[in-house]
Amino acid sequence: MNADRETKHDMTNGDIASMLAGAADEVEIGIAPYEAVIRGGRRRKARRWAVAAATALVLAGSSATLAVAGLPGGDGTVAPPAATRSATPVPDLFTPARTTLATGTENGKEWRVAIDVWPAPRTEAQAAGQFAAMGEYGDAPYGTKPSELIGKRSYLVYFSKGDERRKTFEDLFGKDDTMSGTDLQSASTPFDADPEGPERLVIGMVGKDVQQVTCNWKNGAATKVDRVPQNEDISTDVPAIRPAEGSPVDWFVCLAPEGTAARSAEVTAVR
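Here we summarise the structure given alongside this text.

1. Things to note about the overall build of the chain
Scanning the chain from terminus to terminus reveals two helices and 13 strands. Buried positions account for 41% of the 271 residues belonging to the chain. Residue pairs at least 24 apart in sequence account for 64% of intrachain contacts in the chain once pairs closer than 6 positions are excluded. Accessible surface, the chain: about 14700 Å² in total, of which carbon and sulfur atoms supply 50%.

Okay, here's the thing in structure tokens:
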């Protein structure tokens, strides 16, 4: 599909849903560069952290929205006009909420870690349409069927440096997936394109009460990552625990100094 195409405004909601559902059937997911899957065991549901080393172009996707109209009630009455009732925002199922988690510059090259979070579809048709939209953004989760998206939010974390962009972690959030206390899940990945290079980049998730995380490096040094104070805007160049739009957990990123690699990450302060 052409990301620069114009949207036809005279299409009905049914047309849009049919178009996206049809597109979903044509999406083919290639073999993941890494077949290894990192699993976390501290949560109720083991998460799949798929590690990928493929370089991909940033894809600009288009979005579609669904309109909700009043339908006749069971007693033959008609719902009041929209102006007389409170409007409940309908989530845009076909556009992710994108949050930048960290940025920096090393050896003259800028790098960035960002997360896409997709709302939970409620029906098979919505899930099929969302899966097709994910394909346009390069977000289609590896090894996941469209039906598995129903009732779950999806997240995909990307690392980019220069012209390189690769997916690092992905999974689904169920309605009961929460973190509390010192719960922490993290994984490390090479900072450079070489999949055999030192795993210097650490990306992780924690609960809302965590105030500080410490990343420990193999050379004995450590980096402390504090929570962003509420209502304060701190540059993404500063390592911090940050919320991500649409995510039920918060996120942190830390980078090991050159010449060493990640050893561990732990919660060192809780509210």
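2. Considerations on the sheet that holds strand β11 (residues 240-243)
Here we have seven strands laid out as an open sheet, ordered β7-β8-β12-β11-β10-β9-β13, and mixed in their pairing. Looking at the sheet topology across the chains shown, the edges are occupied by β7 (184-189) and β13 (262-270). Mean inter-strand twist for the sheet, computed between neighbouring axes without regard to direction, equals 25 degrees. One ladder, built from five bridges, connects strand β9 (residues 210-217) with strand β10 (residues 222-227); its direction is antiparallel. Each bridged residue has a counterpart across the sheet, and for Asn-216 the counterpart in β10 is Ala-222.

3. Structural notes on the state of the cysteines
The tally for this structure, following the rule as stated, stands at one disulfide. Between the sulfur of Cys-215 and that of Cys-254 lies a disulfide, 1.8 Å long from S to S. Handedness here is read from the sign of the S-S torsion; for Cys-215 and Cys-254, about -65 degrees, the answer is left-handed. Highlighted residues: Cys-215 in strand β9 and Cys-254 in strand β12 (residues 250-255), separated in sequence by 39 residues. For the pair Cys-215 and Cys-254, a shared accessibility class is recorded, and that class is buried.

4. Regarding the sheet that holds strand β3 (residues 97-106)
The four strands are arranged β3-β4-β5-β6 in an open sheet whose pairing can be described as antiparallel. Bordering the open sheet on either side are β3 and β6 (164-173), each of which pairs with just one other strand. Between one strand and the next, the sheet's axes are offset by a mean angle of 15 degrees, whatever the strand orientation. Sheet analysis places β3 next to strand β4 (residues 109-118), joined by nine bridges and oriented antiparallel.

5. Details of unusual backbone geometry
Comment: phi is negative for the bulk of residues other than glycine, and the bulk of peptide bonds are trans. Residue Asn-107 is not a glycine yet carries a positive backbone phi of 50 degrees. Its location among the elements puts Asn-107 in the loop between β3 and β4. Residue Asn-107 is classed as exposed on the basis of its relative accessible area, which comes to 63%.

6. Overview of the side chain of Asp-139
Within the fold, Asp-139 resides in the loop between α2 (124-137) and β5 (153-161). Of the buried charged residues, Asp-139 lacks a salt bridge, with Arg-165 as the closest side chain of opposite charge at 4.7 Å. Polar contacts involving the side chain of Asp-139 include one to the side chain of Trp-118, which spans 2.8 Å.

7. Some details on the pairing of β11
In terms of strand pairing, β10 meets β11 through two bridges, oriented parallel. In the strand pairing of β11, Asp-226 is matched with Ala-240. Both β11 and β12 contribute to a ladder of two bridges, which runs antiparallel. Along β12, the bridge assignment pairs Pro-243 with Asp-250.

8. Structural notes on the side chain of Lys-167
With respect to the helices and strands, the residue Lys-167 is situated in strand β6. Judged by relative accessible area, which is 15%, Lys-167 ranks as buried. Among the polar contacts listed, one links the side chain of Lys-167 to the backbone oxygen of Ala-140, at a separation of 3.3 Å. Of the polar contacts made by the side chain of Lys-167, one reaches the side chain of Glu-170; its length is 3.0 Å.

9. So, the pattern of salt bridges
A pair can form between side chains of opposite charge whenever their charged atoms are brought close. Tallied over the entire structure, the rule returns eight salt bridges. The shortest N-O distance in the salt bridge between Glu-106 and Arg-200 comes to 2.8 Å. In this pair, Glu-106 is assigned in strand β3 and Arg-200 in the loop between β7 and β8 (201-206), connecting sequence segments 94 residues apart. For Arg-200, a relative accessible area of 4% puts it in the buried group. A salt bridge links Glu-164 to Arg-166; the shortest N-O distance between them is 2.3 Å. The residues Glu-164 and Arg-166 share a single accessibility class, namely buried. Bridged by salt links that share partners, the residues Lys-208, Arg-227 and Asp-250 form one connected network.

How each quantity is defined
Residues numbered from 1 in each chain as written. Predicted model: local features only at pLDDT ≥ 70, side-chain atom pairs only at ≥ 80, totals over all residues. Heavy atoms only, no water. Helix = DSSP H or I, 4+ residues; strand = E, 2+ residues; numbered from the N terminus. Buried < 20%, exposed > 50% of the residue type's maximum accessible area, 1.4 Å probe, protein only. Contact = heavy atoms within 4.5 Å. Areas by Shrake-Rupley, 256 points an atom, 1.4 Å probe, with all protein chains shown as cover. Pairing = 2+ DSSP bridges. Axes fitted to C-alpha atoms, helices over the stretch in contact; angles between N-to-C directions. Disulfide = S-S within 2.5 Å. Lys, Arg positive; Asp, Glu negative; His and termini not counted. Salt bridge = Lys/Arg side-chain N within 4 Å of Asp/Glu carboxyl O. Polar contact = N/O pair within 3.5 Å; in protein donor to acceptor, adjacent residues only side chain to side chain.

Note that every value here comes from positions in space, so none of it alone points to a role or purpose.
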